[in-house]
Amino acid sequence: MGLTLLFPLGLAALAAWLVPLLVHLARRQESRLTEFAALRWLRAQPRPRQRIRIDEWPLLLVRLLLLALLALLLAALAWRDDDDHRPRVLVAPGIEATAQRALRWPQDARVHWLARGFPALDTPVPAGVQPVASLLREFDAQLPPGAPLTVVVPSSWGAVDAQRPVLSRPVQWQVLPGASPPSGAMAAAPPRLAVFAADENSPAWRTLRALQSAWRADRGTAALPRSADDRPDAALLPAGTLAVRLRGDALPPAWLEWVRGGGEVLIASGTPWPAGTRAVPQWQDDAGRVVLASAPLGRGRLWQLPEGLDPATSPRVREAGFATDLALALRPPVPPARVSAADFAPAQQPRSWPRAAQPLAPLLALLIALVFALERWMATAPRRSAAA
């Protein structure tokens, strides 16, 4: 443990020590010569040499101390604790109660939940889904080098990200029966369609009806809602519904307002994108042609199939896998959040992390205020004014 400087260049402010020194030298009381008549006949003698003398040493020292404290504040004085090499144990939520009661660890070990803030194990089980893989990396970065780490996880462990954790130390990985709390994420489902300004005799209508049948037939809702009006209808647009507008003119204000509120619209191939939006390809074929593009608008999103939905003009629509590929582009699958803990043990890559230090800025600020008050009291004291 000890003091350290997070910004040593701040000590350059100590050059300001010259200011009070020069002030005190300039404020020396000067002696004035008064000539007497009898002294006019005395022979002139060489004047004695003046020595450098500084008055009011206590005030000068206080001012120098004040400047030193300011320099330490600029240099970010901090306190670094000694490295604590006691064993650490992290317990992930979701372990079966019987298996958790049977856990044993060294007597001097510090045991924490693998959760935000790393609370002690004797506190209640943290609620909610925890990003356990990210928290494991964070805890490893905070530990001193050489501190042993044991991680106890349930056999079905999550929520994890796409990368196996890589830690800076070997880890005792202990897998027990149990499962992490569910994340509540649902598997991506094909969108529910609702068609507006549609002509039942148009090829696009028949394509949409086929898509709805392919996406929703197994759910018993293969019927395709349709409205002849060209405006959002709340009855046909429950949450998660993809509205399809088959008219090729610009979107009316009513549609723009509905999309900004969180709606989604598949616009016709000839519909211009609203001002301020920028379409981005979401699905391209092997030749690089854009099959599906989208652009965010407020809290909602616009979609467009540039080639349209007419099988006669869009060869892509005639392909057997078009319905499946379009559903995946509109609703990408949710990546898995939990894995088998036995197959996801962390890898090791030795590396060192900078040790965090506790800044002492609040304490220095308090000391500076007290020393400044003392300096003002000493500089304006009545006895000093009388002496001057």
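A. View of the nonpolar core. By size, the foremost hydrophobic cluster in this structure holds 25 residues, and its most contacted members are Leu193, Leu208, Leu211, Trp215, Leu292 and Leu326. Elements with a minimum of two residues in this core: strand S8 (192-196), helix H5 (203-216), strand S10 (241-245), strand S13 (290-297) and helix H7 (322-330). In terms of residue count, the dominant contributor to this core is H7 (six residues). If we ignore the near neighbours within four places in the chain, the residues touching Leu211 are Leu193, Phe322, Ala323 and Leu326. Membership of the second largest hydrophobic core comes to 19 residues, among which are Leu114, Val132, Val151 and Val153.

B. Quick look at the sheet that holds S13. Spatial strand order, S9-S8-S10-S11-S14-S13-S12: seven strands in an open sheet with mixed pairing. Looking at strand neighbours, the two that pair on one side only are strand S9 (226-227) and strand S12 (280-284), the edges of this open sheet. Judged from the five bridges that link them, S13 and strand S14 (residues 300-304) form a sheet pairing that is antiparallel. Among the inter-strand pairings, Pro296 is bridged to a residue of S14, identified as Arg301. The strands that H5 touches are S8, S9 and S10; relative to S8, the one it contacts most, it runs at about 160 degrees.

C. Focus on a nonpolar patch on the surface. The grouping of Leu363, Leu366, Leu367 and Leu370 at the surface amounts to a nonpolar patch, some 370 Å² of accessible area in total. For Leu367, a relative accessible area of 35% puts it in the partly exposed group.

D. Here's a closer look at empty space enclosed by the protein. Per the stated rule, a full pass over the model turns up three cavities of 30 Å³ or more. When its volume is computed, the largest cavity comes out at roughly 50 Å³. Together, Pro93, Val129, Gln130, Val132, Gly158, Ala159, Ser180 and Pro181 line the largest cavity. A breakdown of the residues in the lining of the largest cavity according to their chemical character gives five nonpolar, three polar and no charged.

E. Region of interest: the packing of aromatic side chains. Considering all chains together, one arrives at six aromatic pairs under this definition. Ring centres of Trp157 and Phe344 lie 6.3 Å apart, and the angle between their planes is 55 degrees; this geometry places the pair in the tilted category. Placement of Trp157 in strand S5 (residues 149-158) and of Phe344 in the loop between strand S15 (338-340) and strand S16 (347-348) is noted, with a sequence separation of 187 residues between them. The two residues Trp157 and Phe344 agree in class, both being buried. Aromatic rings pair up to connect Trp157, Trp173 and Phe344 into one cluster. Over the ring of Trp205 we find Arg226; its NZ or CZ atom is 5.8 Å from the centre of that ring. Its guanidinium or amino end placed over the ring of Trp303, Arg301 lies 5.9 Å from that ring's centre, counting from NZ or CZ.

F. Examining the environment of Trp105 more closely. Here Trp105 lies in the loop between helix H3 (97-101) and strand S4 (110-113). Residue classification places Trp105 among the partly exposed positions, given a relative accessible area of 32%. Along the backbone, Trp105 and Arg88 are 17 residues apart, and their C-alpha atoms lie at a distance of 9.2 Å. Beyond its immediate stretch of four places on either side in the chain, Trp105 contacts Val89, Val111 and Leu121.

G. How the structure looks around the packing of H5 against H7. At a minimum axis separation of 10 Å, H5 and H7 run at an interaxial angle of 75 degrees. If you check the angle between H5 and H7, you find them roughly perpendicular. On the side of H5, the interface is formed by Leu211, Ala214 and Trp215, while H7 contributes Phe322, Ala323, Leu326, Ala327 and Leu330. Considered class by class, the residues forming the contact of H5 with H7 number eight nonpolar, no polar and no charged.

H. Region of the structure containing helix H6 (residues 253-260). For H6, every residue scored as buried is listed here: Trp255, Leu256 and Val259. Looking straight down H6, one finds that the buried residues subtend no more than 100 degrees of arc, so they occupy a single side. Turned more than 90 degrees away from the buried face of H6, the exposed residues are Pro253 and Glu257. Buried-residue contacts for H6 involve S8, S10, strand S11 (264-267), S13 and S14. With its phi angle positive at about 125 degrees, Gly262 sits one or two positions after the end of H6.

I. The packing of helix H2 (residues 57-74) against helix H8 (residues 361-379), seen in detail. One can describe the packing of H2 onto H8 by two numbers: an axis separation of 9 Å at closest approach and a directional angle of 160 degrees. The angle between H2 and H8 falls in the class roughly antiparallel. The two elements H2 and H8 cross, and the hand of that crossing is left-handed. Seen from H2, the contacting residues are Pro58, Leu59, Val62, Arg63, Leu65, Leu66, Leu69, Leu70, Leu72 and Leu73; seen from H8, they are Ala361, Leu364, Leu367, Ile368, Val371, Phe372, Leu374, Glu375, Arg376, Met378 and Ala379.

What counts, and where the lines are drawn
Numbers given to residues run from 1 along each chain, matching the order in which its sequence is written. pLDDT decides what is reported in this predicted model: residues at 70 or higher carry local features, side-chain atom pairs at 80 or more are listed and counted, and totals for whole chains, interfaces and linings draw on all residues regardless. Side-chain numbers come from the whole structure's heavy atoms, not from hydrogens or water. Nonpolar cores were defined as sets of buried Ala, Val, Leu, Ile, Met, Phe, Trp, Tyr and Cys residues, with membership established by side-chain atoms within 4.5 Å. Only protein chains enter the accessibility calculation, which uses a 1.4 Å probe; a residue is then buried when its area is under 20% of its type maximum, exposed when over 50%, and partly exposed in between. For the purposes of this entry, the term helix denotes a DSSP run of H or I that reaches at least four residues, the term strand denotes a run of E that reaches at least two, and both are numbered from the N terminus. Between two residues, a contact is recorded if the distance between any of their heavy atoms is within 4.5 Å. Strands qualify as paired when DSSP identifies two bridges or more between them. In this description, a line fitted to the C-alpha atoms serves as the axis of each element, helices being fitted only across the stretch in contact, and the angle between N-to-C directions of two axes falls anywhere from 0 to 180 degrees. Patch membership requires more than 30% relative accessible area and the absence of a salt bridge. Residues of like charge join within 9 Å; the nonpolar side chains Val, Leu, Ile, Met, Phe, Trp and Tyr join within 5 Å. All accessibility values rest on the Shrake-Rupley procedure with a 1.4 Å probe; residue burial counts only the protein chains present in the view. One speaks of a salt bridge when a side-chain nitrogen belonging to Lys or Arg is within 4 Å of a carboxyl oxygen belonging to Asp or Glu. Think of a 1 Å grid over just the protein atoms. A cavity is a set of points where a 1.4 Å probe fits yet cannot get out, a pocket is an open set with protein on both sides within 12 Å along at least five of seven lines, and lining residues have an atom within 4 Å of a point. Grid points are joined across faces, edges and corners, and a volume is the space filled by probe spheres set on the points. Nonpolar residues are Ala, Val, Leu, Ile, Met, Phe, Trp, Tyr, Cys and Pro. Charged residues are Asp, Glu, Lys and Arg, and all others, Gly as well, are polar. Only rings of Phe, Tyr and Trp enter the pairing, Trp through its six-membered ring, and a pair is recorded when the two centres are within 6.5 Å. The plane angle decides the type: under 30 degrees is stacked, over 60 is edge-to-face, the rest tilted. Only when the NZ atom of a Lys or the CZ atom of an Arg is both within 6 Å of the ring centre and within 35 degrees of the ring normal do we say a charge sits over the ring. With respect to orientation, any angle under 35 degrees is reported as roughly parallel, any angle over 145 as roughly antiparallel, any angle of 65 to 115 as roughly perpendicular, and every other angle as oblique. Arc definition: directions from the helix axis to the C-beta atoms. In this scheme, a crossing is called left-handed if the near helix is turned counterclockwise away from the far one by less than a right angle; it is called right-handed if the turn is clockwise.

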